[in-house]
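Listed here are the chains, written in short residue letters.
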Amino acid sequence: MEENFAPDVWGRFFWMEGMGRSMVKVLTVFGTRPEAIKMAPVIRALQSARSRFDVKVVVTGQHREMLDQVLDFFDIIPDHDLSIMRHGQTLTDITCGVLKGLEPILRSESPDVVLVHGDTTTTFAASLAAFYQQIAVGHVEAGLRSYDMYNPFPEEMNRRLTSSMTTFHFAPTHPAMANLAKEGVPESRIFLTGNTVIDALLEAVKGDYVFFNPVLKELDFVNERVILLTTHRRENWGLPMERIFQAVSQLVEDFPDVRVVFPVHKNPKIRELARSVLGKLPRVNLIEPPAYEEFANLMAKSHFLLTDSGGLQEEAPSLGKPVLVLRDTTERPEGVEAGTALLVGTDTQRIVDEATKLLTDGKAYAKMADSPNPYGDGQAAPRIAEILWEKRALKDL
Ligand code: UD1
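What comes next concerns the included structure. Everything numeric in this text was worked out from a predicted model, so none of it was measured.

## A closer look at the site of the ligand
Link 1 in the chain: By nearness alone, 24 residues border the ligand, and Gln-62, His-63, Glu-65, Thr-121 and Glu-155 come closest of all.
Link 2 in the chain: The separation between an oxygen atom of the ligand and a polar main-chain atom of Met-66 is 3.0 Å.
Link 3 in the chain: Here His-265 contributes a side-chain N or O atom positioned 2.9 Å from an oxygen atom of the ligand.
Link 4 in the chain: Within the complex, the protein chains bury 96% of what would otherwise be the 750 Å² of accessible surface of the ligand.

In structure tokens form, the structure reads like this:
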């Protein structure tokens, strides 16, 4: 349905070709830690093809410390920083901050394409800002769906709205491609790339890694089994998270060789609850969110993961780690289908039962740990760069 493109979007690309212009100007926008991790390999791939791409990096600063750590690790220096983060920020604050902040940047930089990643409110608002300037959007990690509007909230709606403004849909897996096709996106605009998270992970995990964090440095991964816990999702705030913490407390009581390490998200709501329920328990370590490299290596040395994160469901299979997913739905069914992840929700007893099975039944553990990784081969980012180059004249689509 080519008429979906506004005349300016067409014009921009035709002009490029007609004038024999040899470079594509790509502006990437991201704002939270996971977006940064997954966009970093793409920025690298684009920057390494200097004769083809002029790359500009914009961070919205939806996260601050958690984002800056990742920028440091990947040596990314943003060209623009909107610095929107406020403590207790609402979704409206984020959306308005990104929209207002991006408008003058998009006008002055005038890129050929804006690249966004995933499903955060930064992603949605940046796509909308690009759409208002009639600039093509490339969506990395496109096509994930739970088909439940409020779960995850607001991510499911963020990604659906982003899809409807996107020209280049970079789908990580076959099911993601199929979702987009089912929704009427022309096949010529959907590209199967694998997930860039694997590209990033392979760079970060090292067999001989030594931790900087004093707590992690002291951990005994030989005599203790370390369960890595992360939880931050809005739909788990309050009671569901309390039930998760009760399960953790039960597990350390039942298994004297089990230790739970919980990097606590910066959100003050999560911090208060974590401190009050888990703060004084033996063999439970509440730590600051580690830098990306530390976190990736912690995951590699852990026994299994308890998490409500989407990204970890993709990373853990590459490292052979079972994942118990603390959610009722997932937009990442590939891991569940491959057998590496299991949806356990937030019921205390269910979490305790499934974790106990992994801790006592070697066969059940091996079955999950040895399942194949359905998320990619570590070459997603160079693929995205290649596609953007090949498709620089939109009439190819
Ligand atoms: C956001 C994304 C979510 C993503 C998650 C990854 C939205 C609506 N949510 O959720 O999709 O899975 O990031 O972490 O886009 N804070 C700090 N320092 C930081 C980061 C956060 O102090 O570096 C605190 C602030 O008080 C902030 C709060 O955490 O107000 C929540 O951050 P926010 O980005 O609004 O939501 P997340 O739960 O992080």
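The rest of the description comes next.
## Here's the deal with a nonpolar patch on the surface
Link 1 in the chain: Taken together, Met-149, Tyr-150 and Phe-153 make up a surface patch of nonpolar side chains, about 310 Å² in accessible area.
Link 2 in the chain: Checked against the element boundaries, Met-149 lands in the loop between strand S5 (136-140) and helix H6 (155-164).
Link 3 in the chain: Judged by its relative accessible area of 39%, Met-149 is partly exposed.

## A word on the sheet that holds strand S2 (residues 53-59)
Link 1 in the chain: Taking strand neighbours across the sheet as the criterion, the 7 strands line up as S3-S2-S1-S4-S5-S6-S7 in an open arrangement whose pairing is parallel. Single-partner strands in this sheet number two, and they are strand S3 (80-81) and strand S7 (190-192).
Link 2 in the chain: Here strand S1 (residues 24-30) runs beside S2; their pairing, made up of 7 bridges, is parallel. Bridge pairing in S2 links Val-24 to Phe-53.
Link 3 in the chain: Across the face of the sheet, helix H5 (residues 121-132) comes into contact with S1, strand S4 (113-117) and S5 while running at roughly 165° to S4.
Link 4 in the chain: Helix H7 (residues 174-182) rests against strand S6 (168-171) and S7 of the sheet, and its axis sits at about 170° to S7.

The rules we used
- Residues numbered from 1 in each chain as written.
- Predicted model: local features only at pLDDT ≥ 70, side-chain atom pairs only at ≥ 80, totals over all residues.
- Heavy atoms only, no water.
- Near = heavy atom within 4 Å.
- Polar contact = N/O pair within 3.5 Å; in protein donor to acceptor, adjacent residues only side chain to side chain.
- Areas by Shrake-Rupley, 256 points an atom, 1.4 Å probe, with all protein chains shown as cover.
- Patch = residues over 30% accessible without salt bridge, like charges linked within 9 Å, V, L, I, M, F, W, Y side chains within 5 Å.
- Salt bridge = Lys/Arg side-chain N within 4 Å of Asp/Glu carboxyl O.
- Helix = DSSP H or I, 4+ residues; strand = E, 2+ residues; numbered from the N terminus.
- Buried < 20%, exposed > 50% of the residue type's maximum accessible area, 1.4 Å probe, protein only.
- Pairing = 2+ DSSP bridges.
- Contact = heavy atoms within 4.5 Å.
- Axes fitted to C-alpha atoms, helices over the stretch in contact; angles between N-to-C directions.

So far we have only geometry, and geometry alone does not tell us how the molecule works.
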